[in-house]
Amino acid sequence: MAEKKLFLLDALALIYRAHFAFIKTPRITSTGQNTSAVFGFITTLMQILETEHPSHLAVAFDLSGPTFRHDKFPEYKATREEMPEDIRFAIPKTKELLRALNIPILEMAGYEADDVIGTIAFRAEEHGFQVYMVTPDKDYTQLVTDNILLYKPSRQGNGIEIYNPAMVKERYGVTPAQMVDFLGLKGDKVDNIPGIPKVGDVTAVELINQFGSVEEIVRRADEITKKAIQASVKEFGEQGLLSKWLAKIDTDAPIPWDEAHCKVGDPDRDKTIALMNELEFKTTAKRILNSRIFGGEAPPQQMDLFGNSIAESPTPYVVTDDVTGMPTNLDTIADRTHTYIHVDTAQALTQLIADIEAQGSFCFDTETTGLDAMQAELIAMTISLKPGEAYMIYFPANDADSLKRLEDLRPLLESNKILKIGQNLKYDNLVLRNYGITVCEPLYDTMLAHYVIDPDKPHGMDAMAMELLNYEPVSIKSLIGKKGKEQLNMRDVELDKLMEYACEDADITISLKEKLDIALDKADLRTVFETVEVPLVPVLTDIEFHGVRVNEAFLNEYSKVLDIEMKTVERDIYSMAGMKFNINSPKQLGEIIFDKLKLGKAKKTKTGQYSTKEEDLVYLALEHDFPAYILRYRKLGKLKSTYVDALPLMVNPKTGRIHSTLSQTVTATGRLSSTNPNLQNIPIRTEEGREIRKAFIPEDGFVIMSADYSQVELRLIAELSKDPGMMEAFRSGHDIHRATAAKVFGVPMEEVTSDMRSKAKMVNFGIIYGISAFGLAQRLKISRGEASEIINSYFAQYSRIKEYMDESIAEARKCGYAKTLLGRRRYLPDINSANATIRNFAERNAINSPVQGSAADLIKVAMTNIHHEMKARNMRSQMILQVHDELVFEAHKDEVEELSQLVKEKMEGALPLEVPMLVEVGIGDNWLEAH
């Protein structure tokens with residue numbers, strides 16, 4: 001049997017999976033064509049040829065047009081979305097590649113690919129073949145026998161999962177022969193197979209194991225004990241029988257079985273090379289031409305930290321360690337074998353708690369009524385102790401027993417000895433805080449681990465599951481629908497469906513931890529994860545839970561002031577334009593600027609309109625007043641709508657405070673980001689922006705305290721470069737800009753003019769971001785020659801900074817990433833790009849990412865240390881905001897002096913540095929006064 005191995009590939013299923021595996025980072029050719037689907041398919045095909053050595057192989061395609069199923073049920077697959085254009089391109093290109101490789105293509109009008117594969121599989125089995133059906137589609141499980149196996153990618157390190165009859169039974173709870181009954185009962189939304197309403201996975205298995213088939217279930221409906229299910233079966237029994245017929249794969253399609261035709265043959269080298277060149281698969285072409293099918297040996301693939309191929313992958317990894325084996329993001333997505341249990345008795349909960357205590361760790365997740373953690377109600381908590389197993393504890397609304405179950409769980413959640421694992425734990429912590437439970441360290445957050453490993457990738461659980469486990473989780477939309485009035489509340493979801501969805505989250509999360517642990521250690525990132533990111537979770541939980549108080553009356557009055565100012569600016573704009581027009585209309589504004597007033601050189605958008613983007617208006621405003629007035633009008637409007645009018649509406653009615661979200665996984669540099677509302681972007685350089693800070697006030701008996709790092713990025717570049725001149729300036733406590741001006745312009749510090757200092761300040765900060773002579777000339781309004789002289793003089797005085805910049809770029813070219821003082825990485829995939837513009841941008845990031853990232857690490861460590869010390873001292877004061885290099889506190893009046901000393905000490909000493917950090921502390925009755 002082993003000598004006759006037939007692999008049958010479901011082309012469209014594999015192409016779709018490959019396309020969506022690259023949806024975040026598609027492969028785009030120089031002509032703009034998305035080749036992700038073809039690349040993913042050919043990679044999967046090559047893996048099979050290289051590792052499985054099939055004697056026979058064929059690829060089945062679906063043809064357009066109706067099938068025999070449509071004759072009986074015209075609505076079959078009617079709800080499917082239109083095929084993406086990139087997949088329309090991929091199908092014929094994939095066929096071209098298969099013909100070049102001399103691999104047979106199987107297709108038949110009126111039948112689907114699964115019918116073709118099913119028919120060929122059974123006929124090949126009769127001729128002594130071991131058959132492998134390569135597909136992510138679980139419908140094929142109905143065909144599985146001892147000699148016909150389902151070949152799927154695995155979430156394990158070996159890269160595949162091969163289903164035999166025993167595995168099908170273990171995974172789905174029914175035999176392969178009963179899978180068609182299972183599919184018929186539950187239906188399939190993707191194919192518009194209706195099934196029987198109210199019957200989900202769990203119920204379907206129970207009914208099949210009790211009655212054997214859909215026919216028997218319908219015939220003996222009176223014996224079904226659950227009344228709602230009984231009623232549904234009686235009403236929709238015929239629909240269930242139709243659904244079973246639709247789901248059944250036809251194994252007797254009129255397609256001939258030709259053993260010789262499916263034998264792996266010799267490919268056409270020239271056609272293969274031509275197609276590979278057209279698709280720009282250079283590395284893959286080498287791999288194919290060196291592979292066994294061309295008589296060679298394929299070179300080993302380079303893998304990233306997760307085992308993904310980096311030879312041609314658009315992912316930003318430039319790491320050669322093979323950690324987890326075969327690429328996972330290029331293949332199909334496997335189902336998961338699992339056991340999910342509803343913990344619905346006190347005895348079961350007691351046993352689960354005992355198991356957790358014995359293990360010393362557990363993964364948990366919460367299901368709630370909404371995304372706002374401060375207002376969401378708890379519906380369920382799921383717990384997993386190992387992959388493939390999870391438990392759901394349900395909390396009905398207004399149920400006294402719910403509080404009892406939470407109290408039973410409290411010791412686990414508040415224990416400082418039991419490890420709590422989760423995905424985005426801060427959200428779960430906030431939800432539970434509203435029930436009086438404080439989740440305590442130790443913690444392990446998979447979202448943060450993935451962020452530390454590669455900050456540029458998406459860190460949602462679904463994206464990580466696809467990338468690392470080859471698994472597509474149950475979609476929330478499949479439970480509650482899309483946005484709008486039709487969307488259900490999670491409390492409205494049937495219990496068995498809720499359990500499947502909720503338990504899966506905990507199951508996947510604990511499975512992700514296994515992969516992430518390997519990658520953290522391989523990249524030496526565990527220190528950043530465990531000492532910077534994870535300890536910050538309880539800090540941010542406290543900040544968000546406490547919230548900030550705003551003076552709503554002040555904001556309402558200030559809104560009127562801004563409204564008057566906007567009307568004044570509006571009148572001036574109309575006066576300069578000589579007519580009234582819609583200032584907010586880019587089309588009308590562009591016509592006024594470029595056609596009527598003929599200001600500057602016009603740029604046009606893709607739609608043919610004049611560009612009136614801010615950067616274009618800023619340039620025009622250097623020469624004309626009209627664009628400057630437009631910019632001011634826009635800024636006033638943005639301040640009014642984004643903050644002044646919006647902030648009062650964001651006050652939580654329960655707490656009377658605003659609870660902004662501080663996210664750890666948004667920026668590539670490690671900086672925190674603020675949303676709902678974004679309190680980090682309130683302008684501080686304009687009078688109107690500063691005025692908004694007056695609205696942030698303390699409770700009675702408290703004051704606002706602001707602690708701000710002084711010139712932190714300059715101090716860090718001095719630390720990173722070890723430039724002796726700059727380090728000495730900071731150690732001596734000199735004004736760094738005055739000291740720089742003295743060096744650059746060659747005068748004593750006491751003779752430095754304000755103009756010299758301004759120029760030196762611009763260079764000091766500009767150097768970090770790779771400012772050019774042209775850019776400096778524009779900012780200082782000087783000639784390029786003078787700007788060039790200033791930069792050259794700067795580097796002559798601070799020569800180690802120039803050396804550090806060159807070394808940073810060289811190191812990034814070599815390893816593919818930049819590192820902070822603590823080892824945080826930022827990957828730079830374009831550092832060796834042939835495109836100068838793209839490469840220069842990556843080079844600038846190679847220089848400034850270590851500076852920005854180290855600044856992020858510095859303030860995060862400081863926040864954690866301050867938080868711990870405030871808790872230890874049982875202080876009434878509270879940290880309420882983090883904005884760039886500034887921490888804001890609501891300080892009790894009796895603790896101001898103590899807190900000020902504590903904060904300054906912990907911020908300045910957060911990291912062991914040679915260059916001293918300086919923190920300035922201010923006190924006031926509002927944020928503006930304190931800053």
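As a reminder, the structure under discussion sits directly above these lines.
Summarised in this report is the structure supplied together with it. Treat the numbers as computed from the prediction; the structure is a model and nothing was measured.

Considerations on the overall build of the chain
Helix and strand content of the chain: 36 helices and 22 strands. Whereas a compact globule of 931 residues would reach a radius of gyration of roughly 30 Å, the chain reaches 32 Å, a difference of no more than 12%. Based on the C-alpha atoms only, the size of the chain along its principal axes is roughly 95 × 75 × 60 Å. Among the 931 residues that make up the chain, the fraction classed as buried is 55%. Across the chain, every contact between residues at least 6 apart in sequence was considered, and the portion connecting residues at least 24 apart equals 68%. Of the roughly 40,200 Å² of accessible surface on the chain, a fraction of 50% belongs to carbon and sulfur atoms. Each charge class in the chain can be summarised by its mean position, and for the 109 positive and 138 negative side chains these summaries are 4 Å apart.

Section: the environment of A910
Counting through the fold element by element, A910 comes out in the loop between α35 (896–908) and β22 (919–924). The class for A910 is buried, based on a relative accessible area of 10%. Taking the C-alpha atoms as reference points, A910 and Q142, 768 residues apart in sequence, are found 61 Å from one another. Discounting chain neighbours no more than four positions away, the residues touching A910 are Y709, L858, V861 and A862.

Brief notes about unusual backbone geometry
With glycine set apart, most residues show a phi of negative sign, and most peptide bonds adopt trans. Omega for the bond connecting E441 with P442 falls within 30 degrees of zero, at 10 degrees, which places this linkage in the cis form. Mapped onto the secondary structure, P442 falls in the loop between α15 (425–433) and β12 (443–445). The peptide bond linking N676 to P677 adopts the cis configuration, its omega dihedral lying at 0 degrees.

Let's talk about the packing of helix α27 (residues 712–721) against helix α28 (residues 724–731)
Axis separation between α27 and α28 bottoms out at 8 Å; the angle between their running directions is 130 degrees. It follows that α27 is oblique to α28 by the angle criterion. At the point where α27 passes α28, the crossing takes the left-handed sense. On α28, the residues that touch L714, R715, I717 and A718 of α27 are M726, M727 and F730. Classifying every residue of the contact of α27 with α28 gives 6 nonpolar, no polar and 1 charged.

Looking at the nonpolar core
In this structure, I383, L409, Y709 and M863 are the most contacted members of the largest nonpolar core, which totals 128 residues. In this structure, Y709 is in contact with L858, I859, A862, D885, M907, E908, A910, M917, L918 and V919, ignoring residues within four places of it in sequence. Core analysis: the second largest hydrophobic core is formed by 52 residues, L6, I117, V199 and I249 among them.

What about the pattern of salt bridges?
Counted under the stated rule, the structure contains 65 salt bridges. The residue K77 makes a salt bridge to E112 at a minimum N-O spacing of 2.5 Å. A residue pair is termed long-range when its members are at least 10 positions apart, and K77 in the loop between α3 (68–72) and α4 (85–100) and E112 in the loop between β3 (105–106) and α5 (113–126) qualify at 35 residues. A relative accessible area of 6% means that E112 is categorised as buried. One salt bridge in this structure joins E691 and K694, with 3.0 Å as the shortest N-O distance. Each member of the salt-bridge network shares a partner with another, and the members are K513, D517, D521, R526 and E530.

Thoughts on the sheet that holds strand β1 (residues 5–10)
Here 6 strands make up an open sheet; going across it, the order is β3-β2-β1-β4-β5-β6 and the pairing mixed. Two strands in the sheet have a free side with no partner beyond their single neighbour: β3 and β6 (161–163). Bridging between β1 and strand β4 (residues 130–134) involves 5 bridges; their strand directions are parallel. The residue bridging L8 from the neighbouring strand is M133, located in β4.

Structural notes on the side chain of N926
Along the chain, the position of N926 falls in the loop between β22 and α36 (927–930). In contact with N926, not counting residues within four places along its chain, are R693, K694, F696, I697 and I704.

Some thoughts on the pairing of β4
By the criterion of burial, β4 is predominantly enclosed, with 5 of the 5 residues buried. Here β4 shows a buried face lined by Q130, Y132 and V134 and a second buried face lined by V131 and M133. Across 4 bridges, β4 lies against strand β5 (residues 148–152) in parallel orientation. Among the inter-strand pairings, V131 is bridged to a residue of β5, identified as I148.

Notes on the sheet that holds β22
The 4 strands are arranged β20-β21-β17-β22 in an open sheet whose pairing can be described as antiparallel. Since the sheet does not close on itself, it has two edges, and those belong to β20 (878–883) and β22, each with one partner. The sheet shows a mean angle of 20 degrees between the axes of neighbouring strands, taken without regard to direction. Taken together, the 5 bridges between β20 and strand β21 (residues 886–892) define a ladder with antiparallel strand orientation. In the sheet register, V883 faces β21, and the bridge partner there is E886. Here α35 sits on the sheet and contacts β17 (702–709), β21 and β22; the angle it forms with β17, its principal contact strand, is near 20 degrees.

Section: the state of the cysteines
Counted under the stated rule, the structure contains 0 disulfides. Left unpaired, C363 is separated from the closest cysteine sulfur, that of C503, by 11 Å.

Some remarks on the pairing of β20
Within β20, 6 of the 6 residues are buried, leaving the element largely enclosed by the surrounding structure. Where β20 hands over to β21, the hairpin turn is made up of 2 residues, of which H884 adopts a positive phi near 60 degrees.

A closer look at the packing of aromatic side chains
Aromatic rings in a pair are described by how distant their centres are and how their planes are angled relative to each other. In total, this model carries 18 aromatic pairs according to the counting rule given. Judged by centre distance (6.0 Å) and plane angle (75 degrees), the rings of Y574 and F581 are edge-to-face. For the pair Y574 and F581, one class covers both residues: buried. Cluster of aromatic residues (ring-pair linked, three or more members): F7, Y132 and Y151. Positioned above the aromatic ring of W245 is the side chain of K72, whose terminal nitrogen or guanidinium carbon lies 4.4 Å from the ring centre. Across the ring face of Y444, the terminal group of K513 is positioned such that the distance to the ring centre comes to 4.6 Å.

Rules and cut-offs
- Residues numbered from 1 in each chain as written.
- Predicted model: local features only at pLDDT ≥ 70, side-chain atom pairs only at ≥ 80, totals over all residues.
- Heavy atoms only, no water.
- Helix = DSSP H or I, 4+ residues; strand = E, 2+ residues; numbered from the N terminus.
- Rg over C-alpha atoms; globule rule 2.2 N^0.38 Å.
- Buried < 20%, exposed > 50% of the residue type's maximum accessible area, 1.4 Å probe, protein only.
- Contact = heavy atoms within 4.5 Å.
- Areas by Shrake-Rupley, 256 points an atom, 1.4 Å probe, with all protein chains shown as cover.
- Lys, Arg positive; Asp, Glu negative; His and termini not counted.
- Charge placed at Lys NZ, Arg CZ, Asp CG, Glu CD.
- Axes fitted to C-alpha atoms, helices over the stretch in contact; angles between N-to-C directions.
- Parallel < 35°, antiparallel > 145°, perpendicular 65-115°, else oblique.
- Left-handed = near helix turned anticlockwise from the far one by under 90°.
- Nonpolar A, V, L, I, M, F, W, Y, C, P; charged D, E, K, R; others polar.
- Core = buried A, V, L, I, M, F, W, Y, C linked by side-chain atoms within 4.5 Å.
- Salt bridge = Lys/Arg side-chain N within 4 Å of Asp/Glu carboxyl O.
- Pairing = 2+ DSSP bridges.
- Disulfide = S-S within 2.5 Å.
- Phe/Tyr/Trp six-rings, centres within 6.5 Å; stacked < 30°, edge-to-face > 60°.
- Lys NZ or Arg CZ within 6 Å of the ring centre and 35° of its normal.

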